[in-house]
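Residue-level structural notes
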Amino acid sequence: MLGSWPSLDPHNFSQFKPNDPSNPSKMTPVTYNPTHDRTLSPPDQVIVPEAKNILLRHFYQQAEEKMSAKRAFSDNPMPERASKLPRASASDNV
Amino acid sequence: MSVWNYVVTAHKPTNVTHSCVGNFTSPQELNLIIAKCTRIEIHLLSPQGLQPMLDVPIYGRIATLELFRPHGETQDLLFIATERYKFCVLQWDAETGEVITRAMGDVSDRIGRPTDNGQIGIVDPDCRLIGLHLYDGLFKVIPFDNKGQLKEAFNIRLEELQVLDIKFLYGCPKPTIVVLYQDNKDARHMKTYEVNLKDKDFVEGPWSQNNLDNGADLLIPVPPPLCGVLIIGEETIVYSSASSFKAIPIRPSITRAYGRVDADGSRYLLGDHNGLLHLLVITHEKEKVSGLKIELLGETSIASSISYLDNAVVFVGSSYGDSQLIKLNLQPDAKGSYVEVLERYVNLGPIVDFCVVDLERQGQGLVVTCSGAYKDGSLRIVRNGIGINEQASVELQGIKGMWSLRSATDDPYDTFLVVSFINETRILAMNIEDELEETEIEGFCSNVQTLFCHDAAYDQLVQVTSSTVRLVSATSRELRNEWFAPEGYSINVATANVTQVLLATGGGHLIYLEIGDGVLREVKHTQLEYDISCLDINPIGDNKNCSQLAAVGMWTDISVRIFSLPDLNLITKEHLGGEIIPRSVLLCSFEGISYLLCALGDGHLLNFVLTTSNGALSDRKKVSLGTQPITLRTFSSKNATHVFAASDRPTVIYSSNKKLLYSNVNLKEVSYMCPFNTAAFPDSLAIAKEGELTIGTIDDIQKLHIRSIPLGEHARRICHQEQTRTFAICSLKYNLSAADDSEMHFVRLLDDQTFDFISTYPLDQFECGCSVLSCSFSDDNNVYYCVGTAYVMPEENEPTKGRVLIFIVEDGKLQLIAEKETKGAVYSLNAFNGKLLAAINQKIQLYKWMPRDDGSHELQSECGHHGHILALYVQTRGDFVVVGDLMKSISLLIYKHEEGAIEERARDYNANWMSAVEILDDDIYLGAENNFNLFTVRKNSEGATDEERGRLEVVGEYHLGEFVNRFRHGSLVMRLPDSDVGQIPTVIFGTVNGVIGVIASLPHEQYVFLEKLQMNMRKVIKGVGGLSHEQWRSFYNEKKTVEAKSFLDGDLIESFLDLNRNRMEEISKAMNVAVDELMKRVEELTRLH
């Protein structure tokens, strides 16, 4: 189970000379101080907090569903039939 | 100190919180990206190892960090979310070498309870959405469209309230999360949900798993072809998928970090709380999981992140010890370990306590920290500036110059040290016994002052005196040729290299000679309009033996000029401005850039970038090094060239990342320096100071030096005692071998030079050290260590019993001479009016030191003050006591001598949970609290009413972004009373992330100036990821967010020096202050740390 460690580029670390571990690494990267304007993302990629609270969204969604149900009722004069149909299909699945 | 404060980082955070590996900077390049709380480091994997590329400051505390690759992209993007609910998606632009922002935003909710177990941010492996769990009961989704663009975010209700971990599953047709959670009976379960992006809701997922290990805390999603998830518990590891369930028992341990080894997810590295590294293997046949195996590989630092890099090399990021680069070997070593540590990266975090001491007694503060935790605990000695390790020294008064010479041109070592005095020249050399003794070079003129000496070609030496230039054989030491100054003129200044001599006489005569084999040839002579004050012909071109350019400093018109050689044509003239003449010029080259350095008589140094092809000078910069004339010399150390600036404030000038840096040398005053590299003292310097000649080696050239003293246990309090030259620490050791993970607490005494344990006092079972103090009492000349303890019983919410222990150091041993039982934990001890002031749970208690009949002493309680939740941090000044409370901010007490009572004088009525307090001056107190803010409060003595006087007014607020554990008055740099920054009082702080910072109280005028500079810097230096500096520094807690006031961000202000010239000029224009002046003022501030 040990061994055959993955290698993406066999060169990586091939010339690495280990430091004396009592001497810690002194390599320090350059500090980045951006002065360009692309630190701001394109305006369409700025995500803002959701305007609607999740609860309100839920209420609206329910209201919407009710409305569409009513609309469906007025559009379809045979509501009882409609509500019975799914049950029949559900029993088919059993 | 004052209310106008400047906060700056002396040592950046080193605590590694996250790490990941991917192709960030190019499709072909493999990068390791490390998060250190408020900074990101980008490294490149190369044949030579890890190459640091960039250190990116983030205006936020990084909560999550992930690399991901949207469809159609050839390289990875970096997703970062901060603790203050901002996120950004960063991309590397290879063309410009810039980090650009692809997307950013705010993911906060107005209503919501922040999660207890930290924030979770994950990216779907098929890049359909980003998922965030920031508030209990809510899962926030930021969907991607099919072009990889982010769309409007929304919340989904998550039924599980106590979430431990959430991950995306691989290989699911619909984005699917797996949730590890705890129910209200403390049982742990796992379930899956599909995210329905259209309905913005969850759909019950493909499978779930109930009643897992009680310590299950971590999920590892397994990539295709196996898919499914690993659930890491404390006693078992489970593999679970829709079709399979496998479990193995493990030795009890808490897994802190994991790293995937193979792309197919068959092997994982697991790091536990003891720093043990295990390999977890999923065995499988025909893409079906057949079982799990686990193998111990060895020990590392306690890992907070593990990233497999390439070719068996692994990065182990640590919060509790040094981070490491390790190699996984195929064969175990003698100790049975497969782990080989290749490299170590210093981490000071968590700094739990520290003290500032002046061990060398030269006015230079050392910070000694209690760093690390558990087995990785250590003391770290942090020192600013470069030390000289003295090898030999002789008393010599009146040195006027020094040069080292070799006995043959190709000799690797120096033989002679020429020391010049006002009317004689002495030659020192190493004898066979490696002792420095006086010798002679017959060809040299020794009864006059030497102006300059150098090795010359053809095994020769050259000496310049006020009347002649002498060329001497290095082997026979006899004079071979001599050049005489024109009659009536004496040589004032001279310089030389291996083949050239340049000298100046009175009347502005500049004469150029060339050195041949036994010949000195006058090649060119020119007369300038004024006298010459200094010269240099250090070769910086391709030819190491010969310079094409000469630098000349002038009296009268105060200019520096560049001449071409050998024809002595003037090619550049730069007026220095002002009235101070240049005293030393030097041509030098660092990291491939050529510079002209020009030191003035008043301790200022100008530097210019020099174009060697045409002698043009550009990018003029001026810094103040000291107050006395400076002499510049180059020297080499570890194969790099540096410049030593000898003056009343000796400094080493070096270059890092193509920027000139100045580091103090820890010596008081140096008049001359020359490199002196002998077989006995390789790589040494000869230094003339205060009537003494010293030979010594120089430290590594860097600003902060950190020495590590590993303890193998966790030091929590430290205190220094000058009189006995010892440190006392309170520490605890975890006993890993015992079945019940017991811990032992100690008071230990350490020698302040060797840092060896010289004495130990074990505390009782359940007793732990909470505070330590060195002090003496009224009517008793002894110095004592006082230790405050608490008995921490598992069944108690707060300790109800503790002790105050009084030790004396005798014969290097801790002797307990008195003890006093207390009714709670002794969180703090202070010397107070010759008595002992203790903070014990909710009470402040004053003890007097009373003699007994037998001559011994005992602690007797005198008075106390109730009224705190827990009085954790106490500072005193005169009769005033400042208390930092667990949750009731800062209060001010006063001790009334006549009444023998302690009363409350004023308090801050805000509900700040304190982590440290300090007294800045009589009226201003500084606090740090657990939302990573700093604030100052002011005593209002002039208030009209009792109510007003009883209220500490909040005068300063600032978001540091760091958890401060301790403030201490003191300074990391040597304070010179006559320098500007020498007058600025400072407080040092240490944090959980290993930051050492400095808070400096500025005069109001300077504060106003720098505030304006900060405002202008904000417009020029943009926050990475679109994060705003102004928002980042605003004081922020659950109740309020207000703009920072009375604190300035020194890190932003000092980055002025890193800007290019155009940007500096932009700011200079906006400020209406010259660039030179701005640079000088900012450079001075960098000398505070």
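Residues numbered from 1 in each chain as written. Chains lettered and ligands numbered in written order. Predicted model: local features only at pLDDT ≥ 70, side-chain atom pairs only at ≥ 80, totals over all residues. Heavy atoms only, no water.

Another aspect to go through is the overall build of chain B. In terms of regular secondary structure, chain B is built from six helices and 87 strands. The C-alpha atoms of chain B give 33 Å as radius of gyration, which agrees with the globular expectation for 1089 residues (31 Å, within 12%). Considered along the principal axes of its C-alpha atoms, chain B spans approximately 105 × 85 × 65 Å. Taken across its 1089 residues, chain B has 61% of its residues classed as buried. About 42100 Å² of surface is accessible on chain B, with carbon and sulfur atoms providing 46% of the total. Across chain B, the 101 positively charged side chains and the 145 negatively charged ones have centroids separated by 5 Å. (Helix = DSSP H or I, 4+ residues; strand = E, 2+ residues; numbered from the N terminus. Rg over C-alpha atoms; globule rule 2.2 N^0.38 Å. Buried < 20%, exposed > 50% of the residue type's maximum accessible area, 1.4 Å probe, protein only. Areas by Shrake-Rupley, 256 points an atom, 1.4 Å probe, with all protein chains shown as cover. Lys, Arg positive; Asp, Glu negative; His and termini not counted. Charge placed at Lys NZ, Arg CZ, Asp CG, Glu CD.)

For the rest of this paragraph, the subject is the packing of helix α2 (residues 1004-1020) of chain B against helix α5 (residues 1061-1071) of chain B. Residue and element names in this part refer to chain B. At a minimum axis separation of 10 Å, α2 and α5 run at an interaxial angle of 135°. By the angle between their axes, α2 is oblique relative to α5. Handedness of the crossing formed by α2 with α5: right-handed. Contact residues: α2 offers Phe-1009, Lys-1012, Leu-1013, Asn-1016, Met-1017 and Val-1020, while α5 offers Arg-1063, Glu-1066, Ile-1067, Ala-1070 and Met-1071. Taken together, the residues of the contact of α2 with α5 sort by class into seven nonpolar, one polar and three charged. (Axes fitted to C-alpha atoms, helices over the stretch in contact; angles between N-to-C directions. Parallel < 35°, antiparallel > 145°, perpendicular 65-115°, else oblique. Left-handed = near helix turned anticlockwise from the far one by under 90°. Contact = heavy atoms within 4.5 Å. Nonpolar A, V, L, I, M, F, W, Y, C, P; charged D, E, K, R; others polar.)

Moving on: the environment of B:Arg128. Residue and element names in this part refer to chain B. Inspection of the secondary structure puts Arg-128 in the loop between β10 (120-123) and β11 (129-133). Accessibility expressed as a relative area gives 18% for Arg-128, which makes it buried. C-alpha of Arg-128 to C-alpha of Met-914: the two residues are 786 residues apart in sequence and 43 Å apart in space. Once residues within four sequence positions are removed from consideration, Arg-128 is found in contact with Pro-143, Phe-144, Cys-172, Pro-173, Lys-174, Pro-175 and Leu-197. At a separation of 2.7 Å, a polar atom in the side chain of Arg-128 contacts the side chain of Asp-124. (Polar contact = N/O pair within 3.5 Å; in protein donor to acceptor, adjacent residues only side chain to side chain.)

Residue and element names in this part refer to chain B. Backbone torsion omega between Gly-349 and Pro-350 reads -15°, so that peptide bond is classified as cis. Of the consecutive residues Leu-565 and Pro-566, the connecting peptide bond is found in the cis state with omega at 5°. Locating Pro-566 in the fold gives a position in the loop between β48 (559-564) and β49 (570-575). The residue Tyr-374 is not glycine, and still its phi comes out positive at about 55°. Among the structural elements, Tyr-374 can be located in the loop between β31 (366-371) and β32 (378-384). On the basis of relative accessibility, which here comes to 29%, the residue Tyr-374 falls in the partly exposed class. At Ser-1046, a position not held by glycine, the phi torsion is positive, near 60°. Here Ser-1046 is to be found in the loop between β86 (1041-1042) and β87 (1047-1049).

Below, the discussion takes up the interface of chain A and chain B. With 52 residues of chain A in contact, the opposing surface of chain B contributes 83 residues. Roughly 5800 Å² of surface becomes buried between chain A and chain B when both sides are summed, with 56% attributable to carbon and sulfur atoms. Our count for the contact surface shared by chain A and chain B stands at two salt bridges. B:Asp93 is the partner of A:Arg38 in a salt bridge, and the nearest nitrogen-oxygen pair spans 2.6 Å. (Buried area = accessible area lost by both parts, 1.4 Å probe. Salt bridge = Lys/Arg side-chain N within 4 Å of Asp/Glu carboxyl O.)

This brings us to the packing of α5(B) against helix α6 (residues 1075-1086) of chain B. All names here are of chain B. α6 packs onto α5 with a crossing angle of 100° between their chain directions and a minimal axis gap of 9 Å. Classed by the angle they form, the pair α5 and α6 counts as roughly perpendicular. Only Val-1075, Asp-1076, Leu-1078 and Met-1079 of α6 make contact with α5, whose side of the interface consists of Arg-1061, Met-1064, Glu-1065, Ile-1067, Ser-1068 and Met-1071. Residues of the contact of α5 with α6, tallied by class, amount to six nonpolar, one polar and three charged.

Once that is clear, we can look at the sheet that holds strand β52 (residues 604-611) of chain B. Residues and elements named next belong to chain B. Read across the sheet, four strands follow the order β50-β51-β52-β53 without closing on themselves; strand pairing throughout is antiparallel. The sheet is open, and its two borders are formed by β50 (582-590) and β53 (616-624), each paired with just one other strand. For this sheet the average axis-to-axis angle between neighbouring strands, irrespective of direction, equals 20°. Across five bridges, the pairing between strand β51 (residues 593-600) and β52 is antiparallel. In the strand pairing of β52, Ala-599 is matched with Leu-605. (Pairing = 2+ DSSP bridges.)

Bringing a negative patch on the surface into the picture now. A surface patch of like charges, here negative, comprises A:Glu64, A:Glu65, B:Asp199 and B:Asp201. Residue placement: A:Glu64 occurs in helix α1 (residues 54-75). With a relative accessible area of 56%, A:Glu64 lands in the exposed category. (Patch = residues over 30% accessible without salt bridge, like charges linked within 9 Å, V, L, I, M, F, W, Y side chains within 5 Å.)

The next thing to look at is the packing of aromatic side chains. Residue and element names in this part refer to chain B. The tally for this structure, following the rule as stated, stands at 23 aromatic pairs over all chains. Note on Phe-832 and Tyr-895: the rings are 5.6 Å apart at their centroids and 65° apart in plane angle, and the pair reads as edge-to-face. Residue Phe-832 is found in strand β70 (residues 826-832), and its partner Tyr-895 is found in strand β76 (residues 890-896); the two are separated by 63 residues along the sequence. Comparing Phe-832 with Tyr-895, the two get one shared label, buried. When the ring of Tyr-958 is compared with that of Phe-1047, the centres are 5.5 Å apart and the planes differ by 35°; the resulting orientation is tilted. Of this pair, Tyr-958 sits in strand β81 (residues 953-959) while Phe-1047 sits in strand β87, placing them 89 residues apart in sequence. (Phe/Tyr/Trp six-rings, centres within 6.5 Å; stacked < 30°, edge-to-face > 60°.)

Don't take any of this as a statement about function, it's just geometry.
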